[in-house]
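# Summary of the model geometry
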Amino acid sequence: MNIFYWVIALLLVGMGGYTGYTNWSTYFKAKKLREQFLKSHPDAEVIKSGQARGWLYILMLVFCAGLGIVLLNSPTSASFDADTRLAQGVVYIGLGIFAFAMAGEAMMDSVLVATPDSLVYEDQVLKFKNIRGVTVGKGWFKSSYILLNQAKEIPVSKSIAMRVDALLVEWKQNRKATFRNRKERRAAARRERESK
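Here's what I pulled together on the structure shown here. The written sequence of each chain sets the order in which its residues are numbered from 1. Per-residue local features are limited, in this predicted model, to residues with pLDDT of at least 70; the limit for side-chain atom pairs, both in listing and counting, is 80 or more; totals at the level of whole chains, interfaces and linings are taken over all residues. Hydrogen atoms and water are omitted, and side-chain values are computed over all heavy atoms in the structure.

The 4 strands are arranged β1-β2-β3-β4 in an open sheet whose pairing can be described as antiparallel. Since the sheet does not close on itself, it has two edges, and those belong to β1 (45–48) and β4 (124–127), each with one partner. Here the average twist between neighbouring strands, direction ignored, is 25°. In terms of strand pairing, β1 meets strand β2 (residues 111–114) through 4 bridges, oriented antiparallel. In the sheet register, isoleucine 47 faces β2, and the bridge partner there is leucine 112. Only strands joined by at least two bridges in the DSSP assignment are considered to pair. In DSSP terms, a helix is any run of H or I states spanning at least four residues, a strand is any run of E spanning at least two, and both are numbered starting from the N terminus. All axes are obtained by fitting lines to C-alpha atoms, using only the stretch in contact for helices, and the reported angles, taken between N-to-C directions, cover 0 to 180 degrees.

Take a look at the structure:
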């Protein structure tokens, strides 16, 4: 039975460590990109949505780390030997590491920076002209996606998908109001090329 706990503990610590490294490095890249984007686009709007998931992961981190520390420091009894106690303590520490890793992703995914013609999600800038559409999942377990050109999809939370969908509809309406037909859009593009 102890081998089972040790295998689970090592998997959780290893996967949690790797996931934490990738999620937190992407989080810091996204934070830097958002700061640069906000400096260069004073009309940008910061949209925060769905932050409960991040707080749940932090709560899970505190609970698992606390339980792991209690197990590691509890006295040994006849029915609960030291090796089993140590293995279970490391399992809970591994769960805490995994929760810490996922908290970085949750905090990164809950922030969206939008301008009239583009948006920043995670560590990438998305132009509205490159977005084909948004699929908003229904129910608890269906995924939502931002659909990009060249058959690319970005998985997002349902709240972010609804916000991006509303921004995309607004962008399309503004674009149609600016140019009434294709001929006028081509003429404007030609004038812009000639002026350069």
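Still to come is the rest of the account.
A few words now on the nonpolar core. Definition of nonpolar core: a set of buried residues of the types Ala, Val, Leu, Ile, Met, Phe, Trp, Tyr and Cys, connected through side-chain atoms within 4.5 Å. Note on exposure labels: buried denotes an accessible area under 20% of the residue type's maximum, exposed denotes more than 50%, and partly exposed covers the range between, all computed with a 1.4 Å probe on protein chains only. In this structure, Leu112, Leu119, Tyr121, Leu126, Ile131 and Ile146 are the most contacted members of the largest nonpolar core, which totals 19 residues. Ranked by residues supplied to this core, first place goes to helix α4 (residues 158–178) with 6 residues. Whether two residues are in contact is decided by their heavy atoms, any of which lying within 4.5 Å being enough. Setting aside chain neighbours within four positions, we find leucine 119 in contact with Leu112, Val113, Ala114, Gln124, Val125, Leu126, Phe128, Ile131 and Val164. Membership of the second largest hydrophobic core comes to 5 residues, among which are Tyr5, Ala9, Leu12 and Ala87.

Between side chains of opposite charge, a pair can form when the charged atoms approach closely. One side-chain nitrogen of Lys or Arg within 4 Å of one carboxyl oxygen of Asp or Glu is enough to make a salt bridge. Inspection of every chain in the model, using the stated rule, returns 1 salt bridge. A salt bridge links aspartate 109 to arginine 53; its shortest N-O distance comes to 3.5 Å. In this pair, aspartate 109 is assigned in helix α3 (residues 82–109) and arginine 53 in helix α2 (residues 52–73), connecting sequence segments 56 residues apart.

Where empty space is left can be seen by rolling a probe of water-molecule size over the atoms. The computed volume of the second largest pocket comes to approximately 200 Å³. What lines the second largest pocket is Tyr27, Arg34, Val46, Lys48, Gln51, Gly54, Trp55, Ile58, Ala106, Met107, Ser110 and Val111. The greatest single-element share of the lining of the second largest pocket, amounting to 3 residues, is contributed by α2. Residues are grouped as follows: Ala, Val, Leu, Ile, Met, Phe, Trp, Tyr, Cys and Pro are nonpolar; Asp, Glu, Lys and Arg are charged; every other residue, Gly included, is polar. Tallied by class, residues from the lining of the second largest pocket come to 7 nonpolar, 3 polar and 2 charged. Definitions used for this entry: grid spacing 1 Å over protein atoms alone; cavity, a set of points where a 1.4 Å probe fits but cannot get out; pocket, an open set with protein on both sides within 12 Å along at least 5 of 7 lines; lining residue, one with an atom within 4 Å of a point. Grid points are joined across faces, edges and corners, and a volume is the space filled by probe spheres set on the points.

Moving on, we get to the pairing of β4. Bridge count for strand β3 (residues 118–121) against β4 is 4 bridges, and the pairing is antiparallel. Paired with tyrosine 121 across the two strands is glutamine 124, which belongs to β4. Here β3 folds back onto β4 in antiparallel fashion, the turn holding 2 residues, of which glutamate 122 has a positive phi close to 55°.

This part covers the packing of helix α1 (residues 2–40) against α3. Direction vectors running N to C along α1 and α3 enclose 20°, while the axes themselves pass 7 Å from each other. Classified by the angle their axes make, α1 and α3 are roughly parallel. Crossing geometry of α1 relative to α3 is assigned as left-handed. Tallied by class, the residues present in the contact of α1 with α3 amount to 23 nonpolar, 11 polar and 3 charged. Orientation categories follow fixed angle ranges, with anything under 35 degrees roughly parallel, anything over 145 roughly antiparallel, 65 to 115 roughly perpendicular, and all other angles oblique. Helix crossings fall into two classes, left-handed where the near helix is turned counterclockwise from the far one by less than a right angle and right-handed where it is turned clockwise.

Spatially, the 3 strands line up as an open sheet ordered β5-β6-β7, and their pairing is antiparallel. Each edge of the sheet is formed by a strand with only one pairing partner; in this case those strands are β5 (131–135) and β7 (152–156). Neighbour-to-neighbour, the strand axes of this sheet turn through a mean angle of 20°, independent of strand direction. The pairing of strand β6 (residues 144–148) with β7 spans 5 bridges and is classified as antiparallel. Bridged to isoleucine 146 within β7 is isoleucine 154.

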